[in-house]
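Breakdown of the fold
Below are the chains, spelled out letter by letter.
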Amino acid sequence: MKSQQTTNAMQARLGELRKLINYHNYRYHVLDDPEISDFEFDQLIKELKNIETLFPELVTPDSPSQRAGAEPSERFNKVSHPAPILSLSNAFEAQDVRAWYERILKIDERVAEADFVVQPKIDGLTVVLHYQQGIFSQGATRGDGLTGEDITNNLRTIKALPLRIPVSDEGLNPPEYLVVRGEAFITIKDFEALNMRLKQAGEKVYLNPRNTAAGSLRQLDPALTAARPLTLLLYEIVDASSDLPVTNQETLNMLMKFGFPIPEQFYCRNIEDAISAYENIVRRRDEFVFEADGAVIKIDDLSLARDLGVVGKDPRGAIAFKFPAQVVTTQLLDITVNVGRTGVLTPQAILSPVNIGGVVVKQATLHNFDYIFDKDIRIGDRVAVKRAGDVIPYIIGPILSARTGEEIVFIPPQACPVCGQPVEHLAGEVAWYCVNSGCSAQLIRNLEHFVSRGAMDIVGLGIRIVEQLVESGMVKDIADLYSLKRADLLNLDGFADKKAENLIESIERSKGQSLARVVNALGIHGVGEVVAGDLANVFQNLEEISEAGFEEIQTIEGIGPNIAQAIVDWFERPSNQQVLNKLRRSGVWPQQRVNELRDVIPGILKDLTFVVTGTLSEFTRESVKEYIKLHGGRVSDSVSKKTNYLVAGENPGSKLEKAESLGIPIINEIELREMTGG
Ligand code: IVH
C-alpha cells in the first residue's frame, strides 16, 4: 500500500531528480561541458526510473524517462505551422550577395543602416518545436512550409532538446506558448562512428550525415530514432504568446537563456563585413562538427526583414551564401539515357564512384547530346566532375591529357531506350524526345510526381510499386490509380493483405487533397507548388482552370506568358481531358474553400498593413491573416509606425497599448469585414 506521505515524498524526490537530470543533460549536450561523470548521471536516471516504475501515476510528459518511451506509430499526423516556415534563396559568389543587397536597398532605404548576422548553414533538416507552459508539446518537420509532419516522439529522444524550459537565472520565464525553429543533424564524428558500427555488423552503411538524420527523424518507431546520435541547433522564434524579439541577436540570446543550443554567429555592421564573415566560415568549413554547406546572411532587424517581404518561399531579408563547388576527377564508365516526364531523353554519366565533399557520386548529368559533342566527352575518359550544394553533379569536361586512345565516341540512340519507338528532334531545340504518349518511362515519371509528398502525398507508393503497376498494365494514366482494387494489388509481387489494404486506403485518402496539390500533381510544365497555389487562389476547381483562357491566366501575379501557355495547352490536350474526366468520376475534384473567393474584392486593402491581436470570434489566428491577404492587404506580427490598423479581439495584450501610443487606428473584426465590403 502506498501511503499519501510516501507518495508525496517520492513526488518531491522525482521533482529534484528531473531538475538535476535536465540540468546535467544541458551541461553535456548543449554546453558540451559536463559537471558530473557518466556513471553519476546514469545513477540519477536509474533512481528516477525506479521511482517511476513503483509510482507510474507520477510520470509526467517532461520526465527524462519519456524521451524514448513512446509506442511506434502507424503514420505521422499533419501539423499546421503557426507561420510559414520559409526557405532561402542562394548566392554562389560575393557578387550575388552584393546584388541581393542592392535589390533590397532599392526596396527599403533602411537597408543602408542595417546590421547583419552571419551563421554557418547547417546541412540538416528543419524542425519546428512547440512549447506550452515551457514544456515541449509538439515537434514537426518543415513539410511544404505550411504543414509538416508530427514527429514529436522522435524529437523527444534528442538529448539536446530541452523537454522543459527552466526559469533562467535572471528569473526569465518562458512565454506560455513558444514555437522555435532550427536544424536537426548528426555530427560528422557520430556519423562516421555509426557507419563503422554498421560495417562491422555487416550492415548497409549510410551515404552522408544528412540522409542519416532525415531517415532517423522519420522512423515510425521512436526507439529507432533514439538509437541515432541526433542533435540540434535553433535559430528562429516562429511564434510566441509574448512579444517577439525585434532582432536576430535578441532571438539568439533569448533562445540561449531558455537553454536551447544555438549556432555560432558573426555580428556585422555592413554587407562587406558579412562577406568577410562568410570567408572566415569557408576557411573553417572542415572544422565544424556538423556538415555545413554555406553561410546564412540575415538582416538583423526582424521587422525590417519582415517588411521586405517574401519571393515565393524565400524571404528577401536573408540569403544562403553557398560554399564554392568542389571539383574532382574520375573515370566515365558509361553513358546511359533516361526518359523524363515529358519524354525528353537525357544522357547520364555512369562514373567510377568518387567522394566529393562527403558525398559519394556515381552518376552525373550530361544535360543533352549536344553537350557531349561540344565538350568531346568520350566513354572511358577521365572527366572533371563538379558538385555545388544540392545541385545534381555534372561533368565539366574530359581531361584531354589523360586520353589513351581507347576511349569510345558515344552514339545517341535512334529509338527510345524504354519503348523502342523512334525519337524526334524538335526544330530549334537541343532536346530529343520520345513522342510516344504511351511510353511507360514517361508514365512512371508522371506517376512518381503525382504521388509524391508535395503533390497527392500517397504514402506507401514508392517507385518500385509505380513500376510494377505500369509494367503489369494496371495503370495506364494517373487516374487509373483510383480504380485499383485490393484484389488487383494482391496479384503483384510482394503484396500481402495488409500492404494492399494500406495502399488502397492511402489512395482513397488522397482524394481529399486541396486544389493546389492536385494542380501541382498534374505535372504541367512549369507548374510547381507555388504556381499551383496561385491558381488555386483564383479558381474554384479544375473545371474553372480548364475553361480559363491564356489572357486570364497570364494576368495572375507570378504567372508569365510561357507558363500560362503551357497551362492552356495542357488542358486542351484530349488525352488530358480524358484523365480529368476520370479523376472527376473517381471523386478527385477538390473545390477551393468557399467565401475565400466569392466575396473577395482582391485589391481593396492594397497598401494597408494590419496587425492582429487577441482572440477573435469569427476568425482563427490564421484565417484572419488569410482573409486580409486575399483582399490585398499585408499582415505583420508587430506594431510599428508602418502599421495602418490594429485588429483587436478579446484580451489584446501589449500590442494594443503600443498601437494606442503610436496613434494607430484600432478596429474589431466587424469593422474589418465592413472595410472589405463584407
Ligand atoms: S535561416 C527565414 N539559418 O537552410 C529564415 N537557415 O536553404 C530561414 N539552415 O530551410 C532560415 N542553417 O533549414 C537559417 N543558420 C541557419 C541555417 C538555416 C541551416 C537551413 C534551413 C533552411 C535552409 C535553406
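Structure: above.
Every value quoted in this text rests on a predicted model; they were computed, and no experiment measured them.

Observations concerning the overall build of the protein chain
- When helices and strands are counted, the protein chain shows 24 helices and 24 strands.
- In terms of overall dimensions, the protein chain is globule-like: its C-alpha atoms have a radius of gyration of 28 Å, near the 26 Å expected for 678 residues.
- With respect to the principal axes defined by its C-alpha atoms, the protein chain has extents near 85 × 70 × 60 Å.
- Put simply, the protein chain has 678 residues, and 45% of those count as buried.
- Put simply, 67% of the contacts in the protein chain that link residues at least 6 apart link residues at least 24 apart.
- Split by element, the accessible area of the protein chain, about 34,000 Å² in all, is 50% carbon and sulfur.
- In the protein chain, 72 positive and 93 negative side-chain charges are present, and the distance between their average locations comes to 3 Å.

As for the packing of helix 1 (residues 4-29) against helix 2 (residues 38-54)
- Between helix 1 and helix 2, whose axes approach to 10 Å, the crossing angle comes to 145 degrees. In this structure, the crossing between helix 1 and helix 2 has a hand that is left-handed. Across the interface between the two elements, Met 10, Arg 13, Leu 14, Leu 17, Arg 18, Leu 20, Ile 21, His 24, Asn 25 and Tyr 28 of helix 1 pack against Asp 38, Phe 41, Leu 44, Ile 45, Glu 47, Leu 48, Ile 51 and Glu 52 of helix 2.
- Taken together, the residues that form the contact of helix 1 with helix 2 break down as 11 nonpolar, 2 polar and 5 charged.

Topic: the sheet that holds strand 7 (residues 177-186)
- Pairing within the open sheet is antiparallel, and its 4 strands lie in the order 5-4-7-8. With partners counted over all chains shown, the strands left at the sheet margins are strand 5 (135-141) and strand 8 (230-240), one partner each. Strand-to-strand twist of the sheet, defined as the mean angle between neighbouring strand axes without regard to direction, takes the value 30 degrees.
- As paired elements, strand 7 and strand 8 share 9 bridges and run antiparallel to each other. Residue pairing for strand 8: Val 180 is matched across the bridge by Ile 237.

A short note on helix 17 (residues 529-538)
- Three or more residues of helix 17 are buried, namely Val 531, Ala 532, Gly 533, Leu 535 and Ala 536.
- Taken together, the buried residues of helix 17 touch helix 16 (515-521), helix 18 (542-547), helix 19 (550-554) and helix 20 (561-572).

Focus: unusual backbone geometry
- With a phi close to 50 degrees, Gln 133 is a non-glycine residue in the positive phi region.
- Of the residues examined, Gln 133 reaches a relative accessible area of 54% and is grouped as exposed.
- Look at Asp 376: it is not a glycine, yet its phi comes out positive at around 55 degrees.
- Relative to the elements of secondary structure, Asp 376 occurs in the loop between helix 11 (369-374) and strand 17 (382-387).
- Residue classification places Asp 376 among the partly exposed positions, given a relative accessible area of 29%.

Quick look at the site of the ligand
- The ligand sits among 14 residues. The nearest are Gln 119, Thr 126, Arg 181, Glu 183 and Lys 298.
- In the environment of the ligand, a nitrogen atom lies 2.8 Å from a nitrogen or oxygen atom belonging to the side chain of Gln 119.
- Within the contact set of the ligand, an oxygen atom lies 2.9 Å away from a side-chain nitrogen or oxygen of Arg 181.
- Within the complex, the protein chains bury 89% of what would otherwise be the 530 Å² of accessible surface of the ligand.
- Of all elements in the fold, only strand 3 (116-122), strand 7, strand 8 and strand 10 (292-299) reach the threshold of two or more residues within the shell around the ligand.
- At 4 residues, the largest contribution of residues to the shell around the ligand is made by strand 3.
- Here the residues of the shell around the ligand are counted per class, giving 6 nonpolar, 3 polar and 5 charged.

Description of the pairing of strand 10
- Counting buried positions along strand 10 gives 8 out of 8 residues, so the element sits mostly inside the fold.
- Bridge count for strand 3 against strand 10 is 7 bridges, and the pairing is antiparallel. For Val 118, the partnering residue across the bridge sits in strand 10 and is Ile 297.
- Bridge count between strand 10 and strand 13 (residues 318-322): 5 bridges; the pairing is antiparallel. Counted as the bridge partner of Ala 295 is Phe 321 from strand 13.

Points about helix 12 (residues 440-451)
- With 12 residues, helix 12 should cover 16 Å at 1.5 Å per step; its first-to-last C-alpha distance of 16 Å lies within 8% of that length.
- Ala 441, Gln 442, Leu 443, Ile 444, Leu 447, His 449, Phe 450 and Val 451 are the residues of helix 12 that are buried.
- Where helix 12 is buried, its residues contact strand 14 (326-339), strand 20 (432-434), helix 13 (463-471) and helix 16.

Observations regarding the sheet that holds strand 10
- Spatial ordering of the open sheet is given by 2-13-10-3-9, a layout of 5 strands whose pairing is mixed. The sheet is open, and its two edges are formed by strand 2 (89-91) and strand 9 (266-268), each paired on a single side. Neighbour-to-neighbour, the strand axes of the sheet open up by a mean angle of 30 degrees, direction not taken into account.
- Strands in contact with helix 8 (residues 248-257) are strand 3, strand 9 and strand 10; relative to strand 3, the strand with the most contacts, it is inclined by about 55 degrees.

Observations regarding the environment of Arg 27
- Structurally, Arg 27 can be placed in helix 1.
- Among the residues examined, Arg 27 registers a relative accessible area of 15% and is labelled buried.

Comments concerning the side chain of Asp 62
- Within the secondary structure, Asp 62 sits in the loop between helix 2 and strand 1 (78-80).
- Setting aside anything within four residues of it in sequence, one finds Asp 62 in contact with Ile 135, Leu 163 and Arg 164.

What about the packing of aromatic side chains?
- In this structure the tally under the stated criterion is 12 aromatic pairs.
- With a centroid separation of 5.0 Å and an interplanar angle of 75 degrees, the aromatic rings of Trp 570 and Phe 571 are classed as edge-to-face. In this structure, Trp 570 and Phe 571 share a single accessibility class: buried.
- Both rings, one in Phe 610 and one in Tyr 645, keep their centres 5.6 Å apart while their planes meet at 20 degrees; by these two values the pair is stacked. Of the two residues, Phe 610 sits in strand 21 (residues 609-613) while Tyr 645 sits in strand 23 (residues 645-648), which places them 35 residues apart along the sequence.
- Note on Phe 610: relative accessible area 0%, which makes it buried.
- Clustering of aromatic rings is evident, with ring pairs tying together Trp 100, Tyr 101 and Phe 116.
- Directly above the aromatic system of Phe 495 lies the positively charged group of Lys 499, at a separation of 4.7 Å from the ring centroid.

As for the environment of Tyr 627
- Within the fold, Tyr 627 resides in helix 22 (residues 621-630).
- Other than its neighbours up to four places away in sequence, Tyr 627 contacts Phe 619, Leu 672, Arg 673 and Thr 676.

Definitions and limits used
Starting afresh in each chain, residues are numbered from 1 along the sequence in its written order. Only residues with pLDDT of at least 70 get local features here, since the model is predicted, and only at 80 or more are side-chain atom pairs given and counted; chain-wide, interface and lining totals rely on the full set of residues. Each side-chain value is derived from all of the structure's non-hydrogen atoms; neither hydrogens nor water enter the calculation. Secondary structure elements are taken from DSSP: a helix is a run of H or I of four residues or more, a strand is a run of E of two residues or more, and numbering for both begins at the N terminus. Throughout, the radius of gyration refers to the C-alpha atoms, and the reference size of a globule is 2.2 Å times the residue count to the power 0.38. Residue exposure (1.4 Å probe, protein chains only): buried if accessible area is under 20% of the type maximum, exposed if over 50%, otherwise partly exposed. Residue contacts are counted whenever heavy atoms from the two residues lie within 4.5 Å of one another. Per-residue and other accessible areas were derived by the Shrake-Rupley procedure at a 1.4 Å probe size, with only the shown protein chains allowed to occlude residues. Counting rule applied: Lys, Arg positive; Asp, Glu negative; His and chain ends not counted. Each charge is placed at NZ for Lys, CZ for Arg, CG for Asp and CD for Glu. Where helices are involved, their axes are fitted lines through C-alpha atoms of the stretch in contact, as for all axes, and angles between N-to-C directions lie from 0 to 180°. When the near helix sits turned anticlockwise from the far one by under a right angle, the crossing is termed left-handed; a clockwise turn instead gives a right-handed crossing. Polar here means any residue other than Ala, Val, Leu, Ile, Met, Phe, Trp, Tyr, Cys and Pro, which are nonpolar, and Asp, Glu, Lys and Arg, which are charged; Gly is therefore polar. For two strands to be treated as a pair, DSSP must find at least two bridges joining them. A molecule or strand has a residue near it when one of that residue's heavy atoms lies within 4 Å. Pairing of N or O atoms within 3.5 Å defines a polar contact, subject to two protein rules: one partner must be a possible hydrogen donor and the other a possible acceptor, and residues neighboring in sequence count only if both atoms are side-chain atoms. Here a helix's expected span is defined as the number of its residues, less one, multiplied by 1.5 Å. Between rings of Phe, Tyr and Trp, where Trp is taken as its six-membered ring, a pair exists when centres lie within 6.5 Å; planes separated by under 30 degrees are stacked, by over 60 edge-to-face, and by other angles tilted. By definition, being over a ring means that NZ of Lys or CZ of Arg is both within 6 Å of the ring centre and within 35 degrees of the ring normal.

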